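# Overview (structure and organization)
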Amino acid sequence: MSSKPLKILVSGDVEGKFTTLFSRVNGIIKKNGPFDLLICVGEFFHGEGSREEWEKYQKGELKVPMPILILGPTKQGNTIYYTEEKGGDLCENVTYLGRQGLFTGSSGLKIAYLSGRDGVTEENPKLSFNKEDVHNLMMSASAESNFKGVDVLLTAQWPKGVEKYAQEPEGVDSMECGSAALAQLVLALKPRYQFTTGEGTFYERKPYRNHKVLTESAKHVTRFIGLAKVGNTQKKKFLYAFNILPMSKMSTSELVKQPPDVSECPFTFDISSAPRQSKDDDAPQFFYDMNQRDQGGRKRRREGGDSREGRPQKKQPQPTGPCWFCLSSPEVEKHLVVSVAEDCYLALAKGGLTPDHVLILPIGHHQSTVQAPSDVIAEIEKYKSGLKKCFRKQGKAVVFFERNYRTQHLQIQAVPFPLSLGEDEIKEIFLDSAHNHPHPFELHEIPKLSDLKQIVPAGAPYFYVELPSGEKLLHRIKKGFPLQFGREVMASKEILDMEEKTDWKNCKLTKGEETEAAQSFRKLFQDFDCI
């Protein structure tokens, strides 16, 4: 199914700087040979300031060096150049795509596009798009029964939250940046590339997957590229060159190949982004409600009106019986607690393998990482970061593991070991221990930027390991899982060489000894505490 890839250039906001853009394009062509297409996202014109030079291109006095596709305006002053709402040729080699739609070239390359910015103005719809526009584009683009996605998506605005699970974009306020409706569009269309502009910077995000690991068949990845303005004084990248073979001409194995730095998808489906549909509307629904609702259809909220992680609940989860780890429970052995934050706390493990074997636990009752809200997860990560730094200063690395099986309260075990062992060996020891166990099972490696919430369904049992290298291992438990597996591996001859401590009951201390050990660790950890 191989064919010759297309060579494409994409630019950010041109804003009438045609000479600057075409000069750079001609230089690239001279050095690298001809390109098939130039795409411009963002503003192509610059109000009246563009008119004189633009008329020379219209009259043929100046030549556009190659075929160009452009989006519609986002500023009132540029509407004078767009006479056809549905798109069309503005001059030789310059084509306005239109407000929204799907462009399929003779090569089979499928380009989806959406002009304007999210709700920028209701007075002039040429400058904006709304939920209905997004919905219509989804419907038209995915009309094919075997729809897999589009090759390229062009927008003049970033999708909300694109930086999640990846590096932060320079000089961009992620809280204020982007459109939630565009995030839903990207989820539905699954573009292999998305190009956009509008934030004044260049940002090439790590590619992200479009499937859930271990629960869905592999799909192609998406690459997001935000481009700076043409000729910007900061010399940020405004032109991007890439080769692409249309997915219609690729084998499945070629298409779904995963790059080594792939991350989880940064977006989640949100029904609130969808336009209202009538009861008789049987069109496919791309939006899925991530919020629980009561019988009247109203969203449930936490007490006090706080809605967290997009999954609001009427009240905090409650244990079905006595819980040894809810901080408010009388069963908690509070003398083992060494740090308390807003949503989580840190405690020495009872019968720990080492004096600095600790647990990270939520203060409230949450069964697992998968079911914990975002604020709890954020504090868990802060504690992990503090522990890594603390142990590193002691010449140690740390392994974190969680068993969501036959336990009702989330516990992250943190077990340090001497750096002299070598961090790279730990992974192989865990894999070999699972393979050679009397009841063998598989540990699957998942990407470093994986989010368990997107891999494991809520309520499903699992065992999860986070290694010092950042590598992660996961086993979806079915039955018969060895309850002390994580402890067994860490106590093994290859790591801590204390196999006699596999059973925590063999490591119990008196309450006085535990209190003294907690005080010692509290002092050790105080400079690294996230509080």
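Whatever comes next refers back to the structure up there.
So, a few notes on the structure that sits alongside this text. Everything quoted here is computed from the prediction, not taken from an experiment. (Residues numbered from 1 in each chain as written. Predicted model: local features only at pLDDT ≥ 70, side-chain atom pairs only at ≥ 80, totals over all residues. Heavy atoms only, no water.)

The helix and strand tally for the chain stands at ten helices and 23 strands. Counting across all 531 residues of the chain, residues that qualify as buried make up 51%. A sequence separation of at least 24 residues applies to 69% of the contacts in the chain between residues at least 6 apart. When the accessible surface of the chain is totalled, it reaches about 25900 Å², and 48% of it is carbon and sulfur. (Helix = DSSP H or I, 4+ residues; strand = E, 2+ residues; numbered from the N terminus. Buried < 20%, exposed > 50% of the residue type's maximum accessible area, 1.4 Å probe, protein only. Contact = heavy atoms within 4.5 Å. Areas by Shrake-Rupley, 256 points an atom, 1.4 Å probe, with all protein chains shown as cover.)

Moving on, we get to the sheet that holds strand E18 (residues 358-362). Taken together, the eight strands give an open sheet; going across it, the order is E16-E17-E18-E20-E19-E22-E23-E21, and neighbouring strands pair in antiparallel fashion. Each edge of the sheet is formed by a strand with only one pairing partner; in this case those strands are strand E16 (337-340) and strand E21 (444-446). Looking at each pair of strands side by side, their axes are set apart by 25° on average, direction ignored. Sheet topology places E18 next to strand E20 (residues 412-418); three bridges connect them, and they run antiparallel. Within E20, the residue paired with Leu 359 across the bridge is Gln 413. (Pairing = 2+ DSSP bridges. Axes fitted to C-alpha atoms, helices over the stretch in contact; angles between N-to-C directions.)

Look at helix H6 (residues 374-393) against helix H10 (residues 511-525): their axes get within 10 Å of each other, and the N-to-C directions meet at 90°. Considered as vectors, H6 and H10 are oriented roughly perpendicular to each other. Only Phe 521, Leu 524 and Phe 525 of H10 make contact with H6, whose side of the interface consists of Tyr 383, Gly 386, Leu 387, Cys 390 and Phe 391. Of the residues that constitute the contact of H6 with H10, the class distribution is seven nonpolar, one polar and no charged. (Parallel < 35°, antiparallel > 145°, perpendicular 65-115°, else oblique. Nonpolar A, V, L, I, M, F, W, Y, C, P; charged D, E, K, R; others polar.)

To continue, consider the side chain of Ser 11. Relative to the elements of secondary structure, Ser 11 occurs in strand E1 (residues 6-11). With a relative accessible area of 0%, Ser 11 lands in the buried category. Sequence-distant contacts of Ser 11, defined by excluding residues within four places in its chain, comprise Leu 21, Leu 38, Ile 39, Cys 40, Val 41, Leu 227, Val 230, Phe 238 and Leu 239.

Of the two faces of strand E10 (residues 152-155), the one holding Val 152 and Leu 154 and the one holding Leu 153 and Thr 155 are both buried throughout. Strand direction decides the pairing type here: E10 and strand E11 (residues 193-196), joined by three bridges, are parallel. Bridge pairing in E11 links Leu 153 to Gln 194.

Under the definition given, this model contains 15 salt bridges. Residue Arg 51 pairs with Glu 48 through a salt bridge whose shortest N-O separation is 2.9 Å. Here Arg 209 and Glu 264 are joined by a salt bridge, their closest N and O atoms 2.2 Å apart. Remark: Glu 264 occurs in the loop between helix H5 (252-255) and E16 and Arg 209 occurs in strand E13 (residues 208-209); sequence separation between them is 55 residues. Residue class for Glu 264 comes out buried when judged on its relative accessible area of 1%. Residues joined by salt bridges that share partners form a network here, namely Glu 381, Lys 384, Lys 388 and Glu 466. (Salt bridge = Lys/Arg side-chain N within 4 Å of Asp/Glu carboxyl O.)

Judged by nonpolar contacts, the single largest core of 28 residues is most densely connected at Leu 114, Val 134, Trp 158, Leu 185, Leu 189 and Phe 267. The set of elements that each furnish at least two residues to this core consists of strand E7 (110-114), helix H3 (131-141) and helix H4 (180-189). (Core = buried A, V, L, I, M, F, W, Y, C linked by side-chain atoms within 4.5 Å.)

Along the chain, Lys 86 turns up in the loop between strand E3 (68-70) and strand E4 (88-91). Each C-alpha atom of the pair Lys 86 and Leu 97 lies 7.4 Å from the other, and the pair is eleven residues apart in sequence. If near-sequence neighbours (up to four positions away) are discounted, Lys 86 is found in contact with Leu 97 and Gly 98.

Before going further, it helps to spend a moment on the packing of aromatic side chains. The final tally for this structure, using the stated rule, is 32 aromatic pairs. Taken together, a centroid distance of 6.3 Å and an interplanar angle of 40° make the contact between Trp 54 and Tyr 57 tilted. You can see Trp 54 and its partner Tyr 57 sitting in helix H2 (residues 51-59), three residues apart, about one turn around the helix. In this structure Trp 54 comes out as buried when scored by relative accessible area, which is 3%. Aromatic side chains Tyr 193 and Phe 242 sit 4.5 Å apart centroid to centroid with 40° between the ring planes, which places their arrangement in the tilted category. Of this pair, Tyr 193 sits in strand E11 while Phe 242 sits in strand E15 (residues 239-244); the two residues are 49 residues apart in sequence, bridging distant segments of the chain. Taken together through their ring pairs, the aromatic side chains of Phe 18, Phe 22, Phe 44, Phe 45, Trp 54, Tyr 57, Tyr 81, Tyr 82 and Tyr 96 make up a single cluster. Geometry around Phe 35 places Lys 7 over its ring, the cationic atom sitting 4.6 Å from the centre. The ring of Phe 400 carries the charged tip of Lys 384 above its face, separated from the ring centre by 5.6 Å. (Phe/Tyr/Trp six-rings, centres within 6.5 Å; stacked < 30°, edge-to-face > 60°. Lys NZ or Arg CZ within 6 Å of the ring centre and 35° of its normal.)

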